[in-house]
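Given next are the chains, with one letter for each unit.
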Amino acid sequence: MKQDEVKRVMLAGGLFLVGLVMAVISWIILPDSVVMQFKGLQTGVPAFPKWLAVAIAFVFSSAFSFMSIKYEEGVKYTLIGYGLHVVYWICNL
């Protein structure tokens, strides 16, 4: 492997681990029904199960982290999954 490829694989692994840690934290701290709206701005959209919320955010972060091995844009898109976790935390705590 070239040194550049090794760096990309290491970066992808690190991004994946951050996503995994965020998913575990989400699983621990989120309630059983997760809302995606800030308090005071609620429009009556129903909550969805915790497992689905954690899975959506984790799939985004992990898929794009592995895509970052070939495409540099994958690093930016990994932030979508991270952002979802943070929004869940803010809206549900």
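Here goes a summary of the coordinates provided. (Residues numbered from 1 in each chain as written. Predicted model: local features only at pLDDT ≥ 70, side-chain atom pairs only at ≥ 80, totals over all residues. Heavy atoms only, no water.)

**Quick word on the pattern of salt bridges**
Logical step 1: Considering all chains together, one arrives at 2 salt bridges under this definition.
Logical step 2: In this structure, the salt-bridge partner of Asp4 is Arg8, at a minimum N-O distance of 3.5 Å. Highlighted residues: Asp4 and Arg8, both in helix α1 (residues 3-29), separated by 4 residues, approximately one helical turn.
Logical step 3: The exposure class of Asp4 is partly exposed, given its relative accessible area of 47%.
Logical step 4: Linking Arg8 and Glu72 is a salt bridge whose minimum nitrogen-to-oxygen distance equals 3.2 Å. Note that Arg8 is positioned in helix α1 and Glu72 in the loop between α2 (50-67) and α3 (73-92), a separation of 64 residues in sequence. (Salt bridge = Lys/Arg side-chain N within 4 Å of Asp/Glu carboxyl O. Helix = DSSP H or I, 4+ residues; strand = E, 2+ residues; numbered from the N terminus. Buried < 20%, exposed > 50% of the residue type's maximum accessible area, 1.4 Å probe, protein only.)

**What to know about the packing of aromatic side chains**
Logical step 1: Summed over all chains, the structure comprises 5 aromatic pairs.
Logical step 2: With 5.2 Å between their ring centres and 40° between their planes, Phe16 and Phe66 make a pair best called tilted. Taken together, the positions of Phe16 in helix α1 and Phe66 in helix α2 put the pair 50 residues apart, joining distant regions of the chain.
Logical step 3: Through a chain of ring-to-ring contacts, three or more aromatic side chains come together here, namely Phe16, Phe58 and Phe66.
Logical step 4: Over the aromatic face of Trp27 sits the side chain of Lys50, whose NZ or CZ is 4.6 Å from the ring centroid. (Phe/Tyr/Trp six-rings, centres within 6.5 Å; stacked < 30°, edge-to-face > 60°. Lys NZ or Arg CZ within 6 Å of the ring centre and 35° of its normal.)

**Overview of the packing of α1 against α2**
Logical step 1: Running from N to C, α1 and α2 point in directions that differ by 175°, and their axes come no closer than 8 Å. With respect to their mutual orientation, α1 and α2 come out roughly antiparallel. In contact with Ala12, Leu15, Phe16, Gly19, Leu20, Ala23, Ser26 and Trp27 of α1, α2 contributes Lys50, Trp51, Val54, Phe58, Ser61, Ser62, Ser65 and Phe66. (Axes fitted to C-alpha atoms, helices over the stretch in contact; angles between N-to-C directions. Parallel < 35°, antiparallel > 145°, perpendicular 65-115°, else oblique. Contact = heavy atoms within 4.5 Å.)

**Topic: a nonpolar patch on the surface**
Logical step 1: Together, Leu17, Leu20, Val21, Val24, Ile25, Ile28, Ile29 and Leu93 make up a nonpolar patch on the protein surface, roughly 710 Å² of accessible area in all.
Logical step 2: For Ile25, a relative accessible area of 35% translates into the label partly exposed. (Patch = residues over 30% accessible without salt bridge, like charges linked within 9 Å, V, L, I, M, F, W, Y side chains within 5 Å. Areas by Shrake-Rupley, 256 points an atom, 1.4 Å probe, with all protein chains shown as cover.)

**Focus: the nonpolar core**
Logical step 1: Grouped together as the largest cluster of nonpolar side chains are 12 residues: Leu15, Met22, Ala23, Leu30, Val34, Ala53, Val54, Ala57, Tyr82, Leu84, Tyr88 and Trp89.
Logical step 2: If you list the elements that add at least two residues to this core, you get α1, α2 and α3.
Logical step 3: The biggest single contributor to this core is α3, with 4 residues.
Logical step 4: Every residue in contact with Trp89, bar those within four places of it in the chain, is listed here: Met22, Ile25, Ser26, Ile29 and Leu30. (Core = buried A, V, L, I, M, F, W, Y, C linked by side-chain atoms within 4.5 Å.)

Remember that the coordinates give geometry; whether it matters functionally is a separate question.
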